[in-house]
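Below are the chains, spelled out letter by letter.
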Amino acid sequence: MSKGKALIGIGILYIVLSLGIVLIHVYHDFRAKENSEQALNSLMQEEQMQSRGGLLSPEREMAVVSVGDYEYIGVLSIPALELELPVLSEWDYSNLEMAPCRYSGTAYKGNFVVAAHNYLSHFGKLARLSMGDRVTFRDNEGNIFCYEVIEKENLGPTEVEEMVDAEYNLTLFTCTAEGTERLTVRCNKTTEISGEGN
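Residues numbered from 1 in each chain as written. Predicted model: local features only at pLDDT ≥ 70, side-chain atom pairs only at ≥ 80, totals over all residues. Heavy atoms only, no water.

Asks: Tell me about the packing of aromatic side chains, residues and numbers included.
Replies: Applying the stated rule across the entire model yields five aromatic pairs. Judged by centre distance (5.5 Å) and plane angle (80 degrees), the ring pair of Trp91 and Tyr103 falls under edge-to-face. Taken as a pair, Trp91 in the loop between strand S3 (83–88) and helix H2 (93–96) and Tyr103 in strand S4 (residues 101–104) lie far apart in primary sequence, twelve residues in all. On the basis of relative accessibility, which here comes to 31%, the residue Trp91 falls in the partly exposed class. Ring geometry for Phe112 versus Phe137: centroids 4.9 Å apart, planes at 70 degrees, classification edge-to-face. Residue Phe112 is located in strand S5 (residues 112–115), and its partner Phe137 is located in strand S6 (residues 134–139); the two are separated by 25 residues in the primary sequence. A connected cluster of aromatic rings, assembled from ring pairs, spans Trp91, Tyr93, Tyr103 and Phe173. Against the face of Tyr108 rests Arg60, its NZ or CZ located 5.5 Å from the ring centre. (Phe/Tyr/Trp six-rings, centres within 6.5 Å; stacked < 30°, edge-to-face > 60°. Helix = DSSP H or I, 4+ residues; strand = E, 2+ residues; numbered from the N terminus. Buried < 20%, exposed > 50% of the residue type's maximum accessible area, 1.4 Å probe, protein only. Lys NZ or Arg CZ within 6 Å of the ring centre and 35° of its normal.)

Written out as structure tokens, the structure reads:
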């Protein structure tokens, strides 16, 4: 076999492998979208999503609703990206396949950090957000927290302390396309509605 044919064969192999990786990512994105939509539908039907009002102590625990084997704390809405996503109570790699996850903090303390994969159906479009874009989080008791985007930055994968910086009320993050950094969107609270019906 000539050197040219060998190089062509290697090139074709790389193209096939690259296509396979892209198809796997698309498949996982599709499954994540389906899982999130099912969980979102279940959460919206839950009686616990009805407004209960009351004072929101910073020390209060976020109410959890179980859907199948997973526990959710509420729904994140990003109108500029046409996203409405359930948020899982606890972060881990397998949970990220299902939906965005609470990485740390709470909406009540104002140090809420949410992580998600960069699937298009999850946080894959975060880079499109602009300063002033609105983000809302509705907990399982009907309390709505309104935020606006104030900053975007890229952080290294080990910059955990910077990620959970309490200076911001809400932080959303995902991997960049290359996976070498974390695209981080910082938001601050604009208004808070304690109970949807109030």
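Asks: Before we move on, can you summarise the pattern of salt bridges with the specific residues and values?
Replies: According to the stated counting rule, one finds three salt bridges in the structure shown. A salt bridge links Arg102 to Glu90, with the shortest nitrogen-to-oxygen separation between them at 3.8 Å. Here Glu90 lies in the loop between S3 and H2 and Arg102 lies in strand S4, a separation of twelve residues in the sequence. (Salt bridge = Lys/Arg side-chain N within 4 Å of Asp/Glu carboxyl O.)

Asks: Requested: an account of the nonpolar core, with residues and values cited.
Replies: Considering soluble globular proteins, one finds that nonpolar side chains tend to be buried as a cluster. Core analysis: the largest hydrophobic core is formed by 26 residues, its most contacted members being Ile78, Phe137 and Leu172. Excluding its chain neighbours within four sequence positions, the residues that come into contact with Leu172 are Leu76, Ile78, Val114, Phe123, Leu126, Val135, Leu183, Thr184 and Val185. Counting residues in hydrophobic clusters, the runner-up holds 13 residues, among them Met98, Val113, Leu155 and Phe173. (Core = buried A, V, L, I, M, F, W, Y, C linked by side-chain atoms within 4.5 Å. Contact = heavy atoms within 4.5 Å.)

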